[in-house]
Every structure is written in C-alpha cells, then in structure tokens.
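Observations on the model geometry
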Amino acid sequence: MAQAISFTMNGKPVRVSVRPDTTVLDLIRGPLGATGTKEGCAEGDCGACTVLLKREGINGGVANAANACIMTAAQIDGAEITTVEGLAHEGVLNLLQEAMAENGSSQCGFCTPGIAVALTGLLANNSAPNEEQIHDALAGNLCRCTGYRPIVEAAKKAAGKIQLAASAETSHSASSEEISFDGAVARCPTSLAELLQARRELPNATLLAGGTDLGVARAAYEKDWSSIIVTNNVKELRQTQEDATGWTFGAAVTWQEVLNHVGEALPSFGTLIRRFGSTQIRSMGTIGGNIGTASPIGDGPPALIALGAKITFASVDGAQKTMPLEDFFLDYRKTELPQNGVIVSVHIPKPKADEHFRVYKVSKRYDQDISTVCGAFWIKMSGDNIEDVRLAFGGMAAIPKRARQAETALKGKPLTAENIFAAGQLLGEDLTPLTDWRGSATYREQVATALIKRFMHDLNGETVEVMAL
Ligand SMILES: Cc1cc2nc3c(=O)[nH]c(=O)nc-3n(C[C@H](O)[C@H](O)[C@H](O)COP(=O)(O)OP(=O)(O)OC[C@H]3O[C@@H](n4cnc5c(N)ncnc54)[C@H](O)[C@@H]3O)c2cc1C
Ligand code: FES
Ligand code: FES
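Every value quoted in this text rests on a predicted model; they were computed, and no experiment measured them.

**Let's talk about the packing of helix H3 (residues 112-125) against helix H5 (residues 149-158)**
Closest axis-to-axis distance for the H3/H5 pair is 11 Å, and the angle between their directions is 35°. Crossing hand, H3 versus H5: right-handed. Contacts from Ile115, Leu119 and Leu123 of H3 reach H5 at Ile151, Ala155 and Ala158. Classifying every residue of the contact of H3 with H5 gives six nonpolar, no polar and no charged.

Here you go:
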C-alpha cells in the first residue's frame with residue numbers, strides 16, 4: 001500500500017502524501033505551492049484551472065489541456081502535468097506568453113494562466129493551427145474582460161514556435177497498488193480482473209473515469225469520496241479496435257480519442273464531439289462515463305443509439321453481457337448495469353453505402369453547452385423509399401430514446417416534407433419532453449420535428465452549416 005501520489009510536475013518528479021480524493025487544483029495550489037493556476041468556477045466551465053496532462057497511452061500520450069478543479073489526485077498518479085509555472089524556461093517566457101504580453105491579450109489577468117496553458121497545449125501539438133482550431137482550443141477558457149481577438153492573434157504569432165520542455169524521467173508509472181492516506185483510499189487497477197476485484201472489495205467506492213461528471217457533482221454536493229476506484233489504466237477499458245464493420249471503444253477511451261477515430265468517417269458525429277464540452281473536457285471525459293452517468297441530455301447516447309451501437313458490460317462476478325445501447329437505459333438515471341458492474345466497451349457499426357447518419361445538437365451556445373435537444377438519425381434507403389430508420393433523441397424524455405411510432409410512419413415511404421410532418425405529429429406520443437429553463441416541451445417537439453426535416457435537406461444536399469445548431 002502506498003501513502004503517496006507520485007507524478008511529474010513541470011519536468012520534476014513529485015511524491016506527495018495527500019488524500020487521494022484531493023482535487024489536483026487544491027494539491028498544486030496547496031502543498032505544491034504552484035498558485036499560478038487559478039480557481040474560477042470549480043466546475044470545469046471557465047478554464048482558469050487549466051493544466052496540461054500527459055498520461056501514457058491516453059490521448060496519444062501527448063500533453064492535453066485538462067481542468068485541475070474536477071480532477072482528483074488519484075487520477076494523476078504516474079502522469080505528467082504542466083502548470084503555468086512550467087511554461088517559462090529559466091525565467092524567460094515562452095513565445096506564446098511573450099506574444100500575449102506584447103499583444104495586450106490580458107487585462108485583469110485572472111484567465112491568463114489558463115489561456116496560456118491551453119494555447120501552449122494546442123501549439124505544442126499543432127504547429128500550424130487554423131482559426132477554427134484556435135477557437136476550439138479556447139472554447140473551455142472564459143475571458144470576461146479582454147475579448148478573444150488579441151488572444152487569438154497571439155496564438156497565431158506563436159504558432160510553429162512552441163515546444164514543451166522534455167520532462168525528466170517519470171519517477172513512477174501508473175500502478176495498481178492501493179493509495180491510502182488520511183482515511184481515504186484509491187485503487188487504480190490495470191486490468192478488468194483487478195477492477196472487478198476492487199469493486200468486490202470496495203463495494204461503496206466511487207467508480208471514477210474522467211471525473212468530468214463526478215467532479216462537478218462532487219464540487220456541487222460535497223459528495224464523500226473517501227473510497228475511489230479509477231478506471232483510466234484498465235487495459236481492456238482503454239482499447240480501441242477498428243475493422244471493416246465498425247469500431248469498438250473501451251469504456252475508458254476519451255472523447256478526444258473517439259473523435260480521432262470517427263471524425264473523418266462520420267463527419268457529423270465528429271462535429272458533435274467537437275462541440276462536446278471543451279478541449280479540456282474531451283481530453284478527460286470518456287465514452288463509458290457519458291453512458292454510465294445516464295443523463296437524459298448526454299450527447300453520446302442519442303448518436304450511438306441511432307448508429308445501432310451495442311454496449312458490453314460486466315457484472316461484479318465477471319459475467320459479461322452485450323445488448324443494444326437503446327435497451328440499456330431503463331428510466332431516469334436507471335440502467336441495466338448490475339450493482340457494482342462496469343461498462344467494458346461500446347461497439348459502433350460503420351454505416352454502409354446505402355445508410356446515412358447525421359446528428360444535430362441544439363443548445364443555447366455553440367460551444368461548452370448542454371443540449372436542449374439532440375437529434376440523431378440513421379436511415380437506410382431502398383430506391384426512393386425508406387427501408388429502415390432510427391430516430392433517436394436526447395432531451396426529449398427521461399432517457400435517450402428512439403421515436404418508434406414516427407419511425408414506423410416513415411418506413412416504406414419517400415423522405416418528403418409531408419411524410420416528415422406526419423411523422424413529427426407522432427413525436428408527442430413517442431416522447432415526453434420536459435419544460436425547463438432551456439426550453440418548453442412544445443419548443444422541444446417543434447425543434448425535434450425541424451431536425452428530422454433538416455436531416456432530409458442534408459441528405460438532399462440542400463442545407464448549409466448553421467452555426468446555432
Ligand atoms: C464543462 C463540462 C462540459 C460538458 N459538456 C458535455 C457535453 O457537451 N455533452 C455531454 O454529453 N456531456 C458533457 N459533459 C458531461 C461529461 O463530460 C460527460 O458525460 C463525460 O462523457 C463523462 O465521462 P467521465 O469519464 O468524465 O465520467 P465520470 O465523471 O468519471 O463518471 C460519470 C458516471 O459514469 C460512471 N462510470 C464511469 N465509467 C464507468 C464504467 N466503465 N462502468 C460503469 N460506470 C462508469 C461513474 O461511476 C459515474 O457515475 C460536460 C461536463 C462538463 C464539466
Ligand atoms: S476553475 Fe473553472 S474550469 Fe476549473
Ligand atoms: S483578462 Fe480578465 S478575465 Fe481575461
């Protein structure tokens with residue numbers, strides 16, 4: 001049993017005894033005294049706490065921006081992090097920081113460390129980012145006084161000139177040894193068998209993947225995390241397999257990694273994933289966590305259901321079960337996952353030549369926002385008629401759900417505005433949208449019908465990309 005967390009920070013090995021459930025932000029600002037990293041929202045939204053996180057075998061093993069406020073110390077055991085203090089070298093600012101200073105890219109300065117770290121992460125991995133990629137990298141960093149133009153310009157000025165300092169030998173690689181300190185324990189198993197054993201031995205432990213849902217819940221409700229099991233190093237949950245028929249993603253594969261694999265083949269899914277939180281959230285949050293949290297407004301499930309994805313999960317005794325993802329969700333936040341079971345993987349079939357897929361997210365903001373409605377549609381045509389169709393929605397019921405009656409109404413018919421209107425009339429019977437501050441039930445039903453119509457226009461090559469959708 002270890003009593004300390006070991007990792008590399010700004011190129012130097014660190015070994016520190018803290019409760020493994022301490023947030024990384026509290027760890028680096030507290031015992032490690034690196035106060036350049038700031039706390040704004042403490043919920044993964046503002047980016048003031050951005051650090052670069054590099055983990056062996058995750059996100060291609062490169063350093064990516066991540067939110068320290070919703071990450072726990074146990075998650076960085078064996079990893080490398082870079083804080084704003086690690087950007088300058090021997091007192092000399094890196095060229096991005098210099099460009100930001102010259103360009104007036106900072107006023108009150110509160111957001112500046114997070115922005116400098118996020119952009120350094122972008123430029124270290126991409127020497128010639130385009131405008132969209134720079135904006136993408138900033139989607140998780142809120143600046144309330146400077147405005148983004150001088151920040152974007154500084155990024156353009158520094159492009160091609162940023163390298164991260166090579167780190168010292170990692171003092172310690174991720175291990176499955178239990179970490180225990182001050183009444184809190186964490187296990188970071190490296191195999192499915194060890195994960196299930198940990199689930200049996202610590203039945204009340206919090207099962208933590210990226211922590212982008214749990215970290216927020218914890219900040220909001222002060223949830224007790226005295227016992228944690230981290231899935232990030234479980235090799236079976238980290239695997240990605242691709243063949244001619246589809247992709248199989250282990251549950252602990254991050255959204256950034258999913259994007260890297262499907263972005264080209266399924267551009268519409270790629271656009272959705274690029275709008276999933278922010279760079280920071282995508283580099284931490286996992287496909288399994290998005291399903292495990294079973295939110296009615298999660299973006300992954302509607303897209304995966306429309307694509308005909310299957311989920312594989314294991315019960316605590318090791319028995320595995322595979323089923324269509326749509327059958328996994330039972331009721332609000334209730335799933336087929338047995339007590340203390342784990343999601344192992346998700347299989348996504350590749351659409352064939354006569355099958356078409358699109359997903360649309362409607363939210364109040366383009367980036368870093370939760371869906372009001374997410375509509376995902378898969379269709380198989382036979383000549384001019386619809387042979388088969390799946391219409392899946394998020395934000396339209398207590399669970400992500402298919403609109404079965406509307407699908408039946410469309411089958412065997414051409415995809416015309418009249419047929420879509422008739423199918424849309426049935427959505428109220430299929431789905432039970434809520435009225436909340438994001439939108440009324442009526443608004444959601446109208447949006448859902450409009451999205452099916454947009455799908456038709458898209459398939460006919462009639463639509464242009466609409467930023468607000
Ligand atoms: C700022 C911000 C923006 C966000 N934007 C979006 C967005 O645009 N769209 C969206 O859908 N979501 C969004 N989210 C929510 C979140 O990022 C996603 O749901 C993410 O996929 C969760 O994955 P995770 O690995 O972080 O899960 P965690 O927080 O680690 O876990 C979530 C739940 O899943 C369970 N779990 C994790 N892994 C497994 C497993 N292998 N087996 C069984 N249960 C498991 C956990 O026990 C927990 O109950 C956002 C969150 C934040 C903070
Ligand atoms: S403090 Fe706002 S994202 Fe972490
Ligand atoms: S400079 Fe003040 S918030 Fe960005």
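Okay, back to it.
**Observations concerning the sheet that holds strand E10 (residues 240-242)**
If you walk across this open sheet you meet the five strands as E10-E11-E16-E12-E13, and the pairing is antiparallel. In this open sheet, the two edge strands, each paired with only one partner strand, are E10 and strand E13 (320-324). Looking at each pair of strands side by side, their axes are set apart by 15° on average, direction ignored. Where strand E12 (residues 310-314) lies against strand E16 (residues 342-349), five bridges are found, and the strand directions are antiparallel. Bridging across to E16, Ile311 finds its partner in Val346.

**Examining the site of ligand 1**
Around ligand 1, 33 residues are found, and the nearest of them are Leu207, Gly210, Thr212, Asp213 and Thr286. Within the backbone of Ala209, one N or O atom sits 2.8 Å away from an oxygen atom of ligand 1. For ligand 1, an oxygen atom lies 2.7 Å from a polar atom in the backbone of Asp299. Computed on the free molecule, ligand 1 has an accessible area of 980 Å², of which 91% lies beneath the protein chains in the complex. Considering every element that reaches the shell around ligand 1, the biggest residue donor is helix H12 (residues 287-292), with three residues. Here the shell around ligand 1 spans two domains, and each of domain 1 (5-85 + 167-230) and domain 3 (239-459) adds at least three residues to it.

**Notes on the pairing of strand E17 (residues 355-362)**
Within E17, six of the eight residues are buried, leaving the element largely enclosed by the surrounding structure. Note that E17 and strand E18 (residues 373-382) share eight bridges and pair antiparallel. Residue Lys361 lies in a different strand from E18, and its bridge partner there is Cys374.

**Notes on unusual backbone geometry**
Phi is mostly negative for residues that are not glycine, and the peptide bonds are mostly trans. Notably, Asn59 is not glycine yet its phi reads approximately 50°, a positive angle. Secondary-structure assignment places Asn59 in the loop between strand E3 (50-54) and strand E4 (64-67).

**Brief notes about the domain arrangement of the protein**
Segmenting the protein into domains produces domain 1 (5-85 + 167-230), domain 2 (90-158) and domain 3 (239-459). If you average the C-alpha positions of domain 1 and of domain 3, the two centres end up 30 Å apart. Taken together, the contacts link 26 residues of domain 1 with 23 residues of domain 3. Carbon and sulfur atoms supply 56% of the area buried between domain 1 and domain 3, which totals about 1,900 Å² over both sides. On the domain 1 side of the interface with domain 3, the three residues burying the most area are Asn59, Leu196 and Arg199, jointly 26% of the side's total.

Definitions and cut-offs
Residues numbered from 1 in each chain as written. Chains lettered and ligands numbered in written order. Predicted model: local features only at pLDDT ≥ 70, side-chain atom pairs only at ≥ 80, totals over all residues. Heavy atoms only, no water. Axes fitted to C-alpha atoms, helices over the stretch in contact; angles between N-to-C directions. Helix = DSSP H or I, 4+ residues; strand = E, 2+ residues; numbered from the N terminus. Left-handed = near helix turned anticlockwise from the far one by under 90°. Contact = heavy atoms within 4.5 Å. Nonpolar A, V, L, I, M, F, W, Y, C, P; charged D, E, K, R; others polar. Pairing = 2+ DSSP bridges. Near = heavy atom within 4 Å. Polar contact = N/O pair within 3.5 Å; in protein donor to acceptor, adjacent residues only side chain to side chain. Areas by Shrake-Rupley, 256 points an atom, 1.4 Å probe, with all protein chains shown as cover. Domains from an automatic or database assignment. Buried < 20%, exposed > 50% of the residue type's maximum accessible area, 1.4 Å probe, protein only. Buried area = accessible area lost by both parts, 1.4 Å probe.

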